[in-house]
Amino acid sequence: MKTGGLKIDERRQRILSILNRDGQVKVSQLSQDLGTSVVTIRSDLAALERDGYLERTSGGAVQTVNNFYHLDFRFRTQRNLQSKKEIAAGVSSLVQDGETLFINSGTTTYFTAIELKKNKNLNIVTNSLTVAVELGSVPTFRVLLLGGEINAQYSFTYGNEVLQQLRKYKADKAILSMDGVDMEAGLTTYHAEEAEVDRVMMERARQIIVAADATKFGHESFSYVGDLNKIQTWVTNEEIQAEYCDLVRQQGLDVLVC
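Everything numeric in this text was worked out from a predicted model, so none of it was measured.

Here's the deal with the overall build of the chain
Regarding its fold elements, the chain presents 10 helices and 15 strands. Counting only C-alpha atoms and orienting by the principal axes, one finds that the chain spans roughly 60 × 40 × 30 Å. Burial status across the chain gives 50% buried among its 258 residues. At a minimum sequence separation of 6, the contacts of the chain that also span at least 24 residues come to 62%. Total accessible area on the chain is roughly 12600 Å²; 45% of this is exposed by carbon and sulfur atoms. For the chain, the separation between the mean place of its 29 positive charges and that of its 33 negative charges on side chains is 7 Å.

What follows is the structure, encoded as structure tokens:
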């Protein structure tokens, strides 16, 4: 289907979206789908290759193993972007200077890390590579990246080494991104390896804050993390229905709607 007239940034974003979905693209097919010339598509692919998003091949381009995560992370951060930023600001408002924090992996906790740069003298313990990199350059922060096996696609560490290190520490607050928040199923996440880390963070923190947008409520993901009554605060966005908030509050939880 012809789309014609796409601006250059939008066109290249569409190319990356197709690449992320299929793992490869063809010049002729892109020319047809995006309604532009073969010459223009080749120019786009050359520019995207220079930026490290793909590797050109005869007649098209492929997604390289080394760049798979970066593409995937870019697209995940764009989903519900405004809601995640609002939730991140809400979470950071609950953090006091000088506190020790556990932070797990996820795009919402990534945006929370950006917001936390406004604080001072924080101690951060995390299994998220992106959180560690984002906060590691803040002069007044002490950041500990838990060492272990690496999930390269989603950029987190996991395994026995991570769990053993975690048990050495206590935190004032654990800030956890979740894929599912449900009255019956409790807190769930897609990755079983991440669920193990989340459970230990919950055990070793004095206060547990879950950051999850309204689309996560009523959803059950693959791996069980814990019951709702294990946490103290749920930070979500204003799209959440009022009756859902009431149900959660009846469990004794605070709900911060951003």
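Having seen the model, we can carry on.
Points about the sheet that holds strand 11 (residues 186-189)
Strand order in the open sheet formed by three strands is 10-11-13, and the pairing between neighbours is antiparallel. Two strands bound the open sheet, and with one partner strand each, they are strand 10 (180-182) and strand 13 (223-226). The average undirected angle you get between the axes of adjacent strands in this sheet is 30 degrees. Pairing of strand 11 with strand 13, which is carried by three bridges, proceeds in the antiparallel orientation. Note that in strand 13 the partner of T189 across the bridge is S223. On top of the sheet, helix 9 (residues 192-203) reaches strand 11 and strand 13; it is set at about 5 degrees to strand 13, its chief contact.

Brief notes about the packing of helix 1 (residues 8-22) against helix 3 (residues 38-50)
One way to put it is that helix 1 packs onto helix 3 with a least axis distance of 11 Å and a crossing angle of 75 degrees. In this view, helix 1 runs roughly perpendicular relative to helix 3, as classed from their interaxial angle. Contacts between helix 1 and helix 3 involve I8, R11, R12, I15 and L16 from the first element and T40, I41, S43, D44, L45, A47 and L48 from the second. Residues belonging to the contact of helix 1 with helix 3 are distributed by class as follows: seven nonpolar, two polar and three charged.

Overview of the sheet that holds strand 5 (residues 123-126)
Here seven strands make up an open sheet; going across it, the order is 6-5-4-9-12-14-15 and the pairing parallel. Pairing within the sheet leaves two strands with one partner each, and these edge strands are strand 6 (142-145) and strand 15 (254-257). When strand polarity is set aside, the average angle formed by the axes of neighbouring strands in this sheet is 20 degrees. As paired elements, strand 9 (residues 171-177) and strand 12 (residues 205-211) share six bridges and run parallel to each other.

What counts, and at which threshold
Residues numbered from 1 in each chain as written. Predicted model: local features only at pLDDT ≥ 70, side-chain atom pairs only at ≥ 80, totals over all residues. Heavy atoms only, no water. Helix = DSSP H or I, 4+ residues; strand = E, 2+ residues; numbered from the N terminus. Buried < 20%, exposed > 50% of the residue type's maximum accessible area, 1.4 Å probe, protein only. Contact = heavy atoms within 4.5 Å. Areas by Shrake-Rupley, 256 points an atom, 1.4 Å probe, with all protein chains shown as cover. Lys, Arg positive; Asp, Glu negative; His and termini not counted. Charge placed at Lys NZ, Arg CZ, Asp CG, Glu CD. Pairing = 2+ DSSP bridges. Axes fitted to C-alpha atoms, helices over the stretch in contact; angles between N-to-C directions. Parallel < 35°, antiparallel > 145°, perpendicular 65-115°, else oblique. Nonpolar A, V, L, I, M, F, W, Y, C, P; charged D, E, K, R; others polar.

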